[in-house]
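Survey of secondary and tertiary structure
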Amino acid sequence: MRRIFDSYAYGEGPRTGCWWDETCDVPSGIALSADITCDVAVIGGGFTGLSAARRLAQAGVSVALFEAESLGWGASGRNGGFCCLGGGIATDAALDARYSKEQRLAFRGAEKAAVDHVEATINALGLDVDRHSVGETVLAHRPKDMTLLRRSVDSIAENYGVTPELIEKADLIDRGFGGAQFFGGLTIPVGFGVNPRKYLAGLAAAALDQGVSIYEGAAVRKIARKGQKHVLTVAQSAVEASHLILATNGYTSEDVPEWMAGRYMPGQSTVLVTRPLTETEIETQGWTTAQMSYDTRKLLHYFRLMPDRRFLFGMRGALRTGAVAEAAARQKTRVDFERMFPAWAHVESSNSWSGFVGLARNKLPFVGRVPGYASVWTAMCYHGNGVAMGSFAGTQVAELVLGLPAEGCPEVMRNALARFPFGSARRVVMPPLYAKFMAQDYF
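Here is a short report on the structure shown in this document. (Residues numbered from 1 in each chain as written. Predicted model: local features only at pLDDT ≥ 70, side-chain atom pairs only at ≥ 80, totals over all residues. Heavy atoms only, no water.)

Turning next to the sheet that holds strand β16 (residues 351-359). Pairing within the open sheet is mixed, and its eight strands lie in the order β5-β6-β4-β13-β14-β15-β12-β16. Because the sheet does not close on itself, it has two edges, and the strands there are β5 (165-168) and β16. Recorded for the sheet is a direction-independent mean angle of 20 degrees between the axes of neighbouring strands. With four bridges joining them, β5 and strand β6 (residues 184-188) adopt antiparallel strand pairing. From the neighbouring strand, E168 faces β6, where its bridge partner is G184. Running at roughly 155 degrees to β5, helix α4 (residues 143-151) makes contact with β4 (136-139), β5 and β6 of the sheet. (Pairing = 2+ DSSP bridges. Helix = DSSP H or I, 4+ residues; strand = E, 2+ residues; numbered from the N terminus. Axes fitted to C-alpha atoms, helices over the stretch in contact; angles between N-to-C directions. Contact = heavy atoms within 4.5 Å.)

Here the focus is the pairing of β4. The side chains of a regular strand alternate, first on one face of the sheet and then on the other. Burial of β4 is two-sided: the residues E136 and V138 facing one way and the residues T137 and L139 facing the other way are all buried. Pairing geometry for β4 and β6, over four bridges, is antiparallel. Note that in β6 the partner of L139 across the bridge is G185. Bridge count between β4 and strand β13 (residues 292-295): four bridges; the pairing is parallel. (Buried < 20%, exposed > 50% of the residue type's maximum accessible area, 1.4 Å probe, protein only.)

Packing of helix α1 (residues 47-58) against helix α9 (residues 386-401) brings their axes to within 7 Å, and their N-to-C directions diverge by 35 degrees. As α1 packs across α9, the resulting crossing turns out to be right-handed. Note on element contacts: α9 touches α1 through G386, V387, G390, S391, G394, T395, V397, A398, E399 and V401, opposite F47, T48, S51, A52, R55 and L56. (Left-handed = near helix turned anticlockwise from the far one by under 90°.)

Another aspect to go through is α4. All of the buried residues along α4 are D145, M146 and L149. Buried residues of α4, seen end-on, are gathered within an arc of 105 degrees and therefore sit on one face of the element. Against β4, α5 (153-160), β5 and β6 lie the buried residues of α4. (Arc of directions from axis to C-beta.)

Now for the packing of α1 against helix α6 (residues 196-209). Their axes nearest at 9 Å, the elements α1 and α6 cross at an angle of 25 degrees. The angle between the axes of α1 and α6 places the two elements in the roughly parallel class. With respect to the hand of their crossing, α1 and α6 are arranged in left-handed fashion. On the side of α1, the interface is formed by F47, L50, S51 and R54, while α6 contributes P196, Y199, L200, L203, A204, A206 and A207. A breakdown of the residues in the contact of α1 with α6 according to their chemical character gives nine nonpolar, one polar and one charged. (Parallel < 35°, antiparallel > 145°, perpendicular 65-115°, else oblique. Nonpolar A, V, L, I, M, F, W, Y, C, P; charged D, E, K, R; others polar.)

Okay, the environment of G17 next. With respect to the element layout, G17 can be found in the segment before β1 (36-43). Discounting chain neighbours no more than four positions away, the residues touching G17 are N351, S352 and W353.

Take the packing of aromatic side chains next. Summed over all chains, the structure comprises 25 aromatic pairs. Judged by centre distance (6.2 Å) and plane angle (80 degrees), the ring pair of Y10 and Y251 falls under edge-to-face. Taken together, the residues span a long stretch of sequence, with Y10 in the segment before β1 and Y251 in the loop between β11 (237-246) and β12 (265-273) at a distance of 241 residues. Judged by relative accessible area, Y10 falls into the buried class, the value being 9%. Taking relative accessible area as the criterion, Y251 reaches 9% and is therefore assigned buried. Arranged with centres 5.7 Å apart and planes meeting at 85 degrees, the rings of F82 and Y302 form a pair that is edge-to-face. Placement of the pair is F82 in strand β3 (residues 82-83) and Y302 in strand β14 (residues 301-305), with a sequence separation of 220 residues. Across this residue pair, the class does not change: F82 and Y302 are buried. The rings of F177, F182, W287, F303, F311, F313, F337, F341 and W344 are connected pair by pair, giving a single aromatic cluster. If you follow R310 out to its NZ or CZ, it ends over the ring of W19, 3.8 Å from the centre. (Phe/Tyr/Trp six-rings, centres within 6.5 Å; stacked < 30°, edge-to-face > 60°. Lys NZ or Arg CZ within 6 Å of the ring centre and 35° of its normal.)

Quick look at the structure:
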């Protein structure tokens, strides 16, 4: 496989210290030791792959899922656990101009449907995922950002059919948002926080119960054609399948298949989790709310007080990989945590790790057929909101494979991914872009 980053980024280094690994076990797959045949082969054992495999198996299709490492090894097992609106980062104005108001509303409806899908799955499977938070709260880090939040109330109501709640600066502390000097906030009553590993474990168990064959340590090295079949090379074995679903998102290779080259951008996100806070420490800082929250920066921070009283804090913006770069990214996350929550500067962060989110040039997720391949499909590029959109998109791509209309997947999510400039060297666009974001966040 050809990858955009060095080998360190795809090894154990970035995920070492991931808190979720300590919270529960995940059902294990088996090693592939012989040639097999199936109706659909799914590559990737995260939210998207497991959701797609489960839906297909429910329809009576024989499914084999191949995970290069272990289930949830990628972003699904190391994200912040925010099941919330998102999946794309295109603005309303951009969507209206590029498509139409009707298509914009269809996409916003899909964002909400994605959250509802996860909630329905959790309820149907009876999963305990440490759920908390009533929606999510965005906090203004500058006075002018609070002005923008006030202006967004009507558009949020139009897009999602819910009534957001403004929180003025004077009311933040009483509402439990004591931290950095925020200038107000806005709560959107859609979404909730989860332990992503517990959710993933539930999906994996459900997929196995449906008869999905799950193989771990099963990296797909090559895809070829044999008549109407795809032949996947997995270690020393060959897998024949009528359809193929690529569900690897930010960990996608550049050459499986070749069309993927340059059509996604992995973006790094770094997370820390503290030891359990005492009630005195919580009261001293003044952050007593269970709301999952994030700030208005372009290179945003996201954070939440979890049910076990540990505090999760994450941020975007790292640009390099390698042991030295990883340590620097974790240190920067810690510095920002102490700056925003100074009363907890003495509280050690027992765990820290990083992972990739998948970005698209058009700033929207893609669900559909890979151009030039009659029966190869993908769902990817959730822009850091993979708990909800990744799960939903996996189910939607399965509907397409089954020949169903996938009515929940609007037109704007069906447009094939465009190439980034500079091909395999496309990371060169990130430093100037991030510099621009940092300047916008400051002024």
